[in-house]
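One letter stands for each residue in the lines below.
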Amino acid sequence: MRIHKLDGTDAFIVFDLDDAPHNIGITRLAPKILVDGATLLARSTTYLFATLEQQAGGASAGINATPDAREPAIAAFVAEVEPMVQEGVFLTEPGKGLSENDLASLRAADPRQSLDVAEGHSLLGTGVAVAATKALGRDALDGVTVAIEGLDATTSSVVSELAARGARITAVATAKGAIAVGDGIDADALLGALAEHGPAAIEQFGAEVTPAWKIFGAPVDVLCVGSKTGALTDAGAGAVTAKVVVPTGPVPVTAKALAMLRRAGTITLPDFVTIAGPMFASFPEEGATLDDVRLVVAEHVGAVLDEVLGHEDGPLLAACYRAEAFLRTWQDTLPFGRPLA
């Protein structure tokens with residue numbers, strides 16, 4: 001692992017593998033981006049590409065800037081990394097704190113032939129919904145109850161895809177807190193409120209707003225988690241009654257939480273499989289439509305989970321073993337540590 005510090009602004013890039021031909025991952029901006037968190041994001045992406053059997057390494061960049069210094073910091077970052085993007089050494093997408101417009105010139109220099117950004121984001125929901133269906137051993141999600149932790153614009157497609165497969169969303173948590181609605185929350189109404197009110201969407205349904213962490217104990221079949229790395233700790237895992245935990249963001253489960261969930265018989269799925277959908281939008285077959293790519297995502301997620309579900313060590317660790325088997329075909333040594341917070 002290598003940490004590259006930029007010269008022109010207070011920013012850095014974590015390269016998970018030292019000799020990967022391509023290094024891919026998100027860039028985030030905040031007053032203080034922690035290297036430890038960026039390291040976990042890069043590691044998860046390395047395992048994602050290994051699962052795809054692609055020789056690419058994970059990367060994650062952070063720009064440290066206060067709101068008043070935001071614009072010059074972004075400009076300096078873009079100017080310094082653009083040659084890396086043109087060479088394919090570092091390929092990036094905007095993460096929290098950044099918009100597509102902020103990194104527009106980097107996208108123009110990117111050699112990948114990507115689908116539209118919004119289309120790519122919609123593929124997150126495809127992977128999550130297919131993963132939940134597989135883990136429950138079902139053909140559809142009719143009547144399945146779901147709680148979604150960390151709902152925001154990025155994960156909005158999770159709502160629409162789960163609802164389209166018949167799931168009933170009965171609990172939601174945003175940065176403003178959590179709500180539970182036993183009869184279920186109408187998906188269209190929830191998405192509309194999210195678009196209009198952002199995190200305050202949960203305040204629009206007349207339900208009691210509780211601390212966000214209380215969603216972990218929601219009496220549901222499926223718990224989606226992904227607000228941040230390490231969102232589900234051992235403290236939260238003790239409250240989980242869901243049959244399946246499905247990540248909607250990178251590395252949301254800690255190692256201690258995973259051990260507790262395994263002892264309780266809860267299926268915890270690998271984030272680098274469930275959230276892989278948007279990555280397929282960056283490498284579509286020539287002439288592929290969104291529907292074409294959606295089918296590829298569903299096929300990939302389903303095929304990998306068919307291999308790892310039922311493994312004696314659980315699907316998350318089994319998926320790690322699978323990814324590491326490919327990494328050994330082109331890396332002399334494995335990166336130290338698995339994608340667990």
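Above this note sits the structure.
Residues numbered from 1 in each chain as written. Predicted model: local features only at pLDDT ≥ 70, side-chain atom pairs only at ≥ 80, totals over all residues. Heavy atoms only, no water.

Quick word on the environment of Asp313
Just so we agree on the cut-off: Under the DSSP-based scheme used, a helix requires at least four consecutive residues in state H or I and a strand at least two consecutive residues in state E, with every element numbered from the N terminus. Here, two residues are considered to be in contact whenever any of their heavy atoms come within 4.5 Å of each other. Counting of polar contacts relies on pairs of N or O atoms within 3.5 Å, with two restrictions inside protein: one atom must be capable of donating a hydrogen and the other of accepting it, and residues adjacent in sequence are counted only when both atoms are side-chain atoms.
Of note, Asp313 is situated in the loop between α11 (290-308) and α12 (315-327). Along the backbone, Asp313 and Pro83 are 230 residues apart, and their C-alpha atoms lie at a distance of 43 Å. The residues contacting Asp313, other than those within four sequence positions of it, are Arg262 and Tyr321. Within the structure, the side chain of Asp313 is placed 2.9 Å from the side chain of Tyr321, a separation counted as a polar contact.

Brief notes about the nonpolar core
Heads up, the condition is: In these notes, a set of buried Ala, Val, Leu, Ile, Met, Phe, Trp, Tyr and Cys residues joined through side-chain atoms within 4.5 Å is what counts as a nonpolar core. Each residue is assigned to one of three classes by its accessible area relative to the maximum for its type, calculated with a 1.4 Å probe on protein chains only: buried under 20%, partly exposed between the two thresholds, exposed over 50%.
Judged by nonpolar contacts, the single largest core of 106 residues is most densely connected at Ile13, Phe77, Phe90, Ile148, Leu162, Cys224 and Val246. The next biggest cluster of nonpolar side chains, apart from the first, holds 5 residues, and it includes Phe12, Ile33, Ala38 and Ala42.

Let's talk about the packing of aromatic side chains
Rule in force here: Each Phe, Tyr or Trp ring, with Trp reduced to its six-membered ring, pairs with another whose centre is within 6.5 Å; inter-plane angles below 30 degrees give stacked pairs, above 60 give edge-to-face pairs, and intermediate values give tilted ones.
In total, this model carries 2 aromatic pairs according to the counting rule given. Ring centres of Phe15 and Phe90 lie 6.1 Å apart, and the angle between their planes is 80°; this geometry places the pair in the edge-to-face category. Linking Phe15 in strand β2 (residues 11-15) with Phe90 in strand β5 (residues 90-94), this pair joins segments that are 75 residues apart in sequence.

Some thoughts on the pairing of strand β10 (residues 244-247)
For clarity, the threshold we go by: When DSSP finds two or more bridges between two strands, those strands count as paired. Convention used here: a crossover is right-handed provided that the path from the first strand, over the helix, to the second strand proceeds clockwise when the strands point away from the viewer.
What you see with β10 is no split at all: Val244 and Val246 on one side and Val245 and Pro247 on the other are buried throughout. Where strand β9 (residues 222-225) meets β10, 4 bridges bridge the pair, whose relative direction is parallel. Each residue of the ladder has a partner; that of Leu223, found in β10, is Val245. Note that β10 and strand β11 (residues 267-268) share 2 bridges and pair parallel. Bridge assignment links Val245 to a residue of β11, and that residue is Thr268. As for the winding sense of the linkage, the β-α-β connection from β10 through helix α8 (residues 255-263) to β11 is right-handed.

Notes on the sheet that holds strand β3 (residues 23-30)
Put simply, the rule is: Helix axes are fitted to C-alpha atoms over the stretch in contact, other axes to C-alpha atoms as well, and angles between N-to-C directions run from 0 to 180 degrees.
In spatial order, the strands read β1-β2-β4-β3-β5; together these 5 strands make up an open sheet with mixed pairing. Where the open sheet ends on each side, the last strands, each with one partner, are β1 (2-5) and β5. Averaged over all neighbouring strand pairs, the angle between strand axes comes to 25°, with direction disregarded. For β3 and β5, the ladder comprises 5 bridges, and the chain directions are parallel. Its bridge partner being in β5, Asn23 is matched across the sheet by Phe90. Against the sheet, helix α1 (residues 35-51) contacts β1, β2, β3 and β4 (57-64), and its axis sits at roughly 155° relative to β4. Contacts from helix α2 (residues 70-87) reach β1, β2, β3, β4 and β5 within the one sheet, and its direction differs from that of β5 by about 145°.

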